[in-house]
Amino acid sequence: SAFRLERSLLLATGSADKSVYVYDLTEGPGKGKLLQRLTGHEDVVYGVTFHPKEPIMASFSADCTLKVWASTKKAEQLISD
């Protein structure tokens, strides 16, 4: 799932290692930078989605949980699970 925040283009992916990875793709193709690895799920993360207008992201996992993450100036923060 991708999200444009101010001048940044972010991409988030779920992973078999139970994590969510957030990348900054602002610099263009082939120049993506890993911003953060988010942990908290207990099984494979099947997907992520961004709120269309706010810096909020949800991730869902094979552990039957949905986690909601909010961006702060310092880091991503789990706000609900």
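Let us look at the structure shown here. The structure displayed is predicted, hence computed values, not measured ones.

## Observations concerning unusual backbone geometry
Argument step 1. With phi around 75°, Lys-18 is a residue other than glycine that occupies positive phi space.
Argument step 2. In this structure, Lys-18 sits in the loop between strand S2 (8-14) and strand S3 (20-24).
Argument step 3. Here Cys-64, not a glycine, exhibits a phi torsion of approximately 65°, which is positive.
Argument step 4. For Cys-64, the position within the fold is in the loop between strand S6 (56-61) and strand S7 (66-71).
Argument step 5. Accessibility expressed as a relative area gives 74% for Cys-64, which makes it exposed.

## What about the side chain of His-41?
Argument step 1. Position of His-41 relative to the elements: it lies in the loop between strand S4 (33-38) and strand S5 (45-50).
Argument step 2. Residue classification places His-41 among the buried positions, given a relative accessible area of 7%.
Argument step 3. Separated by 2.7 Å, the side chains of His-41 and Ser-59 make a polar contact.
Argument step 4. One polar contact links His-41 to Thr-65, side chain to side chain, over a distance of 3.0 Å.
Argument step 5. When neighbours within four sequence positions are excluded, His-41 is seen to be in contact with Lys-18, Ser-59, Phe-60, Ser-61, Asp-63, Thr-65 and Lys-67.

## Looking at a nonpolar patch on the surface
Argument step 1. On the surface, a cluster of nonpolar side chains totalling about 350 Å² of accessible area is made up of Tyr-46, Phe-60 and Leu-66.
Argument step 2. For Tyr-46, the position within the fold is in strand S5.
Argument step 3. Judged by its relative accessible area of 59%, Tyr-46 falls in the exposed class.

## Focus: the nonpolar core
Argument step 1. Grouped together as the largest cluster of nonpolar side chains are ten residues: Leu-10, Ala-12, Val-20, Val-22, Leu-38, Val-45, Val-48, Phe-50, Met-57 and Trp-69.
Argument step 2. Among the elements of the structure, S2, S3 and S5 are those that each provide at least two residues to this core.

Rules and cut-offs
- The numbering scheme is per chain: residues are counted from 1 as the chain's sequence reads.
- Given that the model is predicted, a residue must reach a pLDDT of at least 70 before its local features are reported, and side-chain atom pairs must reach 80 or more before they are shown or counted; all residues, however, enter totals for whole chains, interfaces and linings.
- Here the side-chain values reflect all heavy atoms present in the structure, with hydrogen atoms and water set aside.
- Only DSSP runs of H or I covering at least 4 residues are called helices, and only runs of E covering at least 2 are called strands; the numbering of each starts at the N terminus.
- Buried, partly exposed and exposed residues are distinguished by accessible area as a fraction of the type maximum, computed with a 1.4 Å probe on protein chains only: under 20%, between the cut-offs, and over 50%, respectively.
- We call two N or O atoms a polar contact when they sit within 3.5 Å, provided that within protein one can donate a hydrogen and the other can accept it, with sequence-adjacent residues counted only if both atoms are side-chain atoms.
- Note on contacts: a residue pair is in contact if any heavy atoms of the two residues lie within 4.5 Å.
- Here, patches come from residues exposed beyond 30% relative accessible area and free of salt bridges, joined within 9 Å for like charges and within 5 Å for nonpolar side chains (Val, Leu, Ile, Met, Phe, Trp, Tyr).
- Per-residue and other accessible areas follow the Shrake-Rupley method at a 1.4 Å probe size, with only the shown protein chains counted as cover for residues.
- By convention in these notes, a salt bridge is any Lys or Arg side-chain nitrogen within 4 Å of a carboxyl oxygen on Asp or Glu.
- To define a nonpolar core, start from buried Ala, Val, Leu, Ile, Met, Phe, Trp, Tyr and Cys residues and group those joined through side-chain atoms within 4.5 Å.

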